[in-house]
Amino acid sequence: MRLIAHLSDLHFGKADPAVVEALVADIAQTKPDLVIISGDLTQRAKSHQFAEARAFLERLGAPVLVVPGNHDLAPFYRPLKRLLAPRAKFEKHLPGLAQATCYSDDEIIAIGLDSTRHLRWQSGKLRSHHLDEVRSELADSADHHCKVAFLHHPPSTAVAGHSFDTLVEHGIDLILTGHAHKAHVDVINTPAHGSCVLVQASTACSTRLRQDANGFALIQVDFPRLSVNIRGWNGSAFHTLHVHAFTKQGETWKALA
Ligand SMILES: [Fe+2]
Ligand SMILES: [Fe+2]
């Protein structure tokens, strides 16, 4: 069994300090095997915002994987940096983390995919090289591995390119996303081949709230079963909002009542 804490859209620079402290406490209590952050660690990709994000990650007491979100690229009001070195600060301030985006052990394989596009602001894209990365990382996988992909953009904001169905066709069981600042858990069924579980996390600790309160997901992996516990902020602490359970039968993931 493995426990993954999935956080997204931290937006340091617009983070609520009380929520940040509660998040650290909640994660310390649950002791996940792995923390996955699906992008937007900062509000404007400023050095001090990355420094705050890094200090937060170092307090979590677990291995951390990150991918950038659209807010982690050099902003459009710095056009040369945006064009020539959009991820320079992300890579500089998160040494090691920015480069090592994959994790594997004898139960799970997690693969980070950078879906950001430096010539666009909001939308993301799955490209051919992402599928090459997935194929490469899964080359030595076994049937008992739960195969996880994480990226910033959810299906609703990913533009033409490869669809999420393609990730499923490459054997991915679980996709973790963010960006929408709204929690959503579902099964993605592909027309041709199998299915996977999608977990879209809300914003973990920022004041950039849309429809949802701050929240994150605790995912228990006991392959071929998954349990997704959506934790939400109630103004003083995180608590469980919903629990979703799934099991894999053949190539297909099914929600359990
Ligand atoms: Fe965001
Ligand atoms: Fe975003």
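Within every chain, residues take consecutive numbers counted from 1 along the sequence as written. Both sets of labels track the order of writing: A upward for chains, 1 upward for ligands. For this predicted model, a pLDDT threshold of at least 70 governs which residues receive local features, and a threshold of 80 or more governs which side-chain atom pairs are given and counted, while totals over whole chains, interfaces and linings are taken from all residues. As a rule here, side-chain values come from all non-hydrogen atoms in the structure, and water together with hydrogens is ignored.

**Here we look at the coordination of the iron ion (ligand 2)**
Stated formally: Water is absent from the atoms considered, so a metal site may look incomplete; donors are defined as N, O and S atoms within 2.8 Å of the metal, or 3.2 Å for Na, K and Ca. A four-donor site is called tetrahedral if each angle lies between 85 and 135 degrees; a four-donor site is square planar, and a six-donor site octahedral, when trans pairs exceed 155 degrees and the remaining angles lie between 65 and 115; all other cases are labelled irregular. Here a strand is any run of E in DSSP of at least two residues, a helix any run of H or I of at least four, and the numbering for each starts at the N terminus. The buried label goes to any residue with under 20% of its type's maximum accessible area, the exposed label to any with over 50%, and the partly exposed label to all in between, with areas taken from a 1.4 Å probe on protein chains only.
Distances from the iron ion (ligand 2) to its protein donors, namely Asp40 (OD), Asn70 (OD1), His152 (NE2) and His179 (ND1), fall within the range 2.1 to 2.3 Å. Around the iron ion (ligand 2), the four donor atoms sit at angles spanning 89 to 158°, and that spread fits a shape best called irregular. Donor residues for the iron ion (ligand 2) sit on one chain with the sequence pattern D-x29-N-x81-H-x26-H. A gap of 3.5 Å separates the iron ion (ligand 2) and the iron ion (ligand 1), which Asp40 links by coordinating each metal. Taken together, the residues Asp40 in the loop between β2 (34-37) and α2 (47-58) and His179 in the loop between β7 (174-177) and β8 (184-189) connect sequence positions 139 residues apart. Exposure remark for His179: the relative accessible area of 4% places this residue in the buried category.

**Overview of the coordination of the iron ion (ligand 1)**
The iron ion (ligand 1) binds to the protein through Asp9 (OD), His11 (NE2), Asp40 (OD) and His181 (NE2); the donor distances cover 2.0 to 2.3 Å. Every donor counted, the four donor atoms about the iron ion (ligand 1) form angles of 87 to 175° at the centre, which fits irregular coordination. Counting the intervening residues between successive donors of the iron ion (ligand 1) yields the motif D-x1-H-x28-D-x140-H. Under the relative-accessibility criterion, Asp9 is labelled buried at 0%.

**What about the environment of Gly232?**
Note the threshold: Any two residues whose heavy atoms approach within 4.5 Å are treated as being in contact.
Along the polypeptide, Gly232 turns up in strand β11 (residues 225-233). On the basis of relative accessible area, Gly232 is assigned to the buried category, the value being 2%. Counting along the chain gives 192 residues from Gly232 to Asp40, while the straight-line C-alpha distance between them is 19 Å. With residues near it in sequence (within four places) discarded, Gly232 still touches Asn214, Gly215, Ala237, Phe238, His239 and Leu241.

**As for the pattern of salt bridges**
What counts, and what does not: Here, a salt bridge means any side-chain nitrogen of Lys or Arg that lies within 4 Å of a carboxyl oxygen of Asp or Glu.
Applying the stated criterion across every chain yields a total of 11 salt bridges. A salt bridge links Asp105 to Arg2; its shortest N-O distance comes to 2.7 Å. With Asp105 in the loop between β4 (102-104) and β5 (108-112) and Arg2 in strand β1 (residues 2-7), the pair connects residues that are 103 residues apart, well separated along the chain. Judged by its relative accessible area of 16%, Arg2 falls in the buried class.

**Structural notes on helix α5 (residues 128-137)**
The cut-off we apply is this: Our arc is simply the arc of the directions from the helix axis toward the C-beta atoms.
All buried positions along α5 are accounted for by His130, Leu131 and Val134. End-on view of α5: buried residues confined to an arc of 95°, all on one side of the axis.

**Some thoughts on the packing of aromatic side chains**
Stated precisely, the cut-off is as follows: To pair, rings of Phe, Tyr and Trp, with the six-membered ring standing in for Trp, must have centres within 6.5 Å; the planes then decide the type, stacked if under 30 degrees apart, edge-to-face if over 60, and tilted in the middle.
Summed over the entire model, instances satisfying the criterion amount to five aromatic pairs. Summarising the aromatic geometry, the rings of Phe50 and Phe90 are spaced 6.2 Å apart at their centres and angled 70° between planes, so their arrangement reads as edge-to-face. One end of the pair, Phe50, is in helix α2; the other, Phe90, is in helix α4 (residues 88-93), and 40 residues separate them in sequence. With respect to burial, Phe50 and Phe90 carry one shared label: buried. Every member of this aromatic cluster is reached through a ring pair, and the members are Phe216, Trp233 and Phe238.

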